[in-house]
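# Descriptive structure summary
So you can see what is in the structure, the chains are spelled out below.
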Amino acid sequence: MHSFGVCEYNSHDGKSGVMIPTAHTTSTNTSGGDTVEFADVTKSYGDKEVLHSFNLDIAAGEMISLLGPSGCGKSTALRCLSGFESITTGSIRIGGQDVIAVPPQRRGIGMVFQQYSLFPNLNVLQNVAFGLKIKGLNREDRYSKARDMLKLVGLEDYESAYSTKLSGGQQQRVALARAIVMDPQVLLLDEPLSALDAKIRVQLRDEIRALQQRLGITAIFVTHDQEEALAVSDRIAVMHNGNIEQIGTPKELYSSPTTAFVADFVGQSNGLESTILADGQSVELCGIRIPVIGHYAPHTLVRVYLRPENVMLRADENGDFSVVNTSFLGSIERTGVTGHGIEMVAQHNPSTQYRIGDRVAVDIRPDPMVAEEIKIPWVENTVADNPATATEQQAKKGDEQ
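So, here's what we can say about the structure. (Residues numbered from 1 in each chain as written. Predicted model: local features only at pLDDT ≥ 70, side-chain atom pairs only at ≥ 80, totals over all residues. Heavy atoms only, no water.)

## Digging into helix α5 (residues 198–215)
With 18 residues, α5 extends 26 Å between its outermost C-alpha atoms, agreeing within 8% with the 26 Å of an ideal straight helix rising 1.5 Å per residue. Burial in α5 covers these residues: Arg201, Leu204, Arg205, Ile208, Arg209, Leu211 and Gln212. Each buried residue of α5 lies within a common arc of 165 degrees when the element is viewed along its axis, so the set occupies one face. In this structure, α5 carries Lys199 and Arg214 as exposed residues pointing more than 90 degrees from its buried face. Packing partners of the buried residues in α5 comprise β5 (63–67), α3 (139–152), α4 (168–180), β9 (186–190), β10 (218–223) and α6 (226–232). Two residues or fewer past α5, Gly216 is found with a positive phi of approximately 70 degrees. (Helix = DSSP H or I, 4+ residues; strand = E, 2+ residues; numbered from the N terminus. Expected span 1.5 Å × (residues − 1). Buried < 20%, exposed > 50% of the residue type's maximum accessible area, 1.4 Å probe, protein only. Arc of directions from axis to C-beta. Contact = heavy atoms within 4.5 Å.)

Structure (structure tokens):
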């Protein structure tokens, strides 16, 4: 199957532009999307390796998000897939075919970035039809197809407008239409909503997801915004320091994080210090025994990650905690409390109101939590000299807490 795509790109030095397409032959899937596979991919800039044995399999028609903080390697992975960055080692396959030697314009990829890169001298219809013109379609056919795309993104009434007269959300819709009009097998979206205001971001992200599902395009959505990733993805790959920390459905990542980084980065968490109990599989918080994921040596000092919705407050004049702050967030309210040297945030229905200074009792829902061992320098130094003594001292310290 042959298809074409206008490829917008951001190079590593920050420059952006538009790649003129030519025919490609990488696609064999006719359902709307191709499989994508990263196999042991590494990418280095000089002595700095930014992707470390990166492995990721994406099913045809799946929408997957690469989620992580700035500098984690998510945009680098996208540029390697598009062909605008060469990889150092490994392989990348689209539709089962290795594309390392295939130039960007022949990979069957559509790209949408934060920068819209619209041609200011062309109107909306001409911008969307530009790649079709290069492809060689006659005026009637390319404008007919471009108008179909404008209807899909809700801009059929703006075909004669120029980009300078459009809002940011409208310009991004034009960029999206220009990418999908070329029938790409894979659609790459690199922080496409970050320049938009909050309400438009929510509206456009939902439109992108609906359009991707309708067309069956394989899509990779890069973002540092966890809410965006949770809202649009079939699966999310959480990245950190050039590695995938965890991959799973949005619900799996939120409800069952496997690492401390994922628990802390995805959603809100209270990071609390505690000590592993004698069973090696639980801690005690506010008098409640709570299981942790994994097994640790008894008395190990850990930081556990407790979701705010698992913290339950009740007004109690003799309560051990006092309210220090409240945040009304529409459908939910978050209330910060402190007591016994612990600070935590509870999330609850806003119909229940607390005021700063109120005394409250705290209950904790005993759902399993991720735990991260806290390294203590004096213990590590002592272990090297006398392992038995160090273990006894840490156990004593844990008992005192």
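## Considerations on the pattern of salt bridges
When the charged atoms of two side chains with opposite charge come close together, those side chains can pair. In this structure the tally under the stated criterion is 17 salt bridges. A salt bridge links Asp183 to Lys145, with the nearest nitrogen and oxygen atoms 2.6 Å apart. Residue Asp183 is located in the loop between α4 and β9, and its partner Lys145 is located in helix α3; the two are separated by 38 residues in the primary sequence. Residue Asp279 is joined to Arg289 by a salt bridge in which the shortest nitrogen-to-oxygen separation is 3.3 Å. With Asp279 in the loop between β13 (270–275) and β14 (282–285) and Arg289 in strand β15 (residues 288–291), the pair connects residues that are 10 residues apart, well separated along the chain. A relative accessible area of 35% means that Asp279 is categorised as partly exposed. Through salt bridges with shared partners, one network takes in Lys43, Arg79 and Glu85. (Salt bridge = Lys/Arg side-chain N within 4 Å of Asp/Glu carboxyl O.)

## With respect to the sheet that holds strand β12 (residues 243–248)
Read from one edge of the open sheet, 6 strands run β8-β9-β10-β5-β11-β12, paired in mixed fashion. Among the strands making up the open sheet, the edge pair consists of β8 (109–113) and β12. With direction set aside, neighbouring strand axes in the sheet form an average angle of 15 degrees. In terms of strand pairing, β5 meets β10 through 5 bridges, oriented parallel. If you follow Leu67 over to β10, its bridge partner there is Thr223. The sheet strands contacting α4 are β8 and β9, and the helix crosses β8 at an angle near 170 degrees. (Pairing = 2+ DSSP bridges. Axes fitted to C-alpha atoms, helices over the stretch in contact; angles between N-to-C directions.)

## Side note on the side chain of Gln171
With respect to the helices, strands and loops of the structure, Gln171 is situated in helix α4. Taking the relative accessible area as the measure of exposure, Gln171 reaches 17% and is therefore buried.

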